[in-house]
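# Coordinate inspection notes
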Amino acid sequence: KIIMPKPPTPYEILACMTKYDPGSFVDFCREYGYDSDSKTADRVYAGVKEEWLNVCRIWNDSEIEELCEIQ
């Protein structure tokens, strides 16, 4: 029998979104322990940066501050 996973709640989705500017690639690698000479780190950074830019398009600064309360 195949058990389908439970879909995430809106709260769970908001809780795991990027809510802070990841800064520069070097800062990102330093903060999260990535090797700055890694293609994987570059791909992860690009994804996080894109998510951050999308968050900024959807919500204003005060709304993003409220989102930061969600953990």
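Structural data are supplied above this passage.
Residues numbered from 1 in each chain as written. Predicted model: local features only at pLDDT ≥ 70, side-chain atom pairs only at ≥ 80, totals over all residues. Heavy atoms only, no water.

## Some details on helix α3 (residues 39-58)
For α3, spanning 20 residues, the distance from its first C-alpha to its last is 29 Å, which sits close to the expected 28 Å at 1.5 Å a residue. If you check which residues of α3 are buried, you get Ala41, Tyr45, Trp52 and Val55. Along the axis of α3, the buried positions cluster into a sector of 85°, meaning they face one direction only. Away from the buried face of α3 by more than 90 degrees, exposed residues Lys39, Arg43, Glu50, Arg57 and Ile58 are located. (Helix = DSSP H or I, 4+ residues; strand = E, 2+ residues; numbered from the N terminus. Expected span 1.5 Å × (residues − 1). Buried < 20%, exposed > 50% of the residue type's maximum accessible area, 1.4 Å probe, protein only. Arc of directions from axis to C-beta.)

## A word on a negative patch on the surface
Taken together, Asp61, Glu63, Glu65, Glu66 and Glu69 make up a surface patch of like negative charges. Within the element layout of this structure, Asp61 appears in helix α4 (residues 61-67). (Patch = residues over 30% accessible without salt bridge, like charges linked within 9 Å, V, L, I, M, F, W, Y side chains within 5 Å. Areas by Shrake-Rupley, 256 points an atom, 1.4 Å probe, with all protein chains shown as cover. Salt bridge = Lys/Arg side-chain N within 4 Å of Asp/Glu carboxyl O. Lys, Arg positive; Asp, Glu negative; His and termini not counted. Charge placed at Lys NZ, Arg CZ, Asp CG, Glu CD.)

## Some words on the side chain of Lys19
Mapped onto the elements of the fold, Lys19 is located in the loop between α1 (10-15) and α2 (25-32). Buried charge Lys19 goes without a salt bridge, the closest partner of opposite sign being Glu51 at 7.5 Å. Polar side-chain contacts of Lys19 include one of 3.0 Å to the backbone oxygen of Ala15. Polar contacts involving the side chain of Lys19 include one to the main-chain carbonyl oxygen of Met17, which spans 3.2 Å. Setting aside anything within four residues of it in sequence, one finds Lys19 in contact with Leu14, Trp52, Ile64, Leu67, Cys68 and Ile70. (Polar contact = N/O pair within 3.5 Å; in protein donor to acceptor, adjacent residues only side chain to side chain. Contact = heavy atoms within 4.5 Å.)

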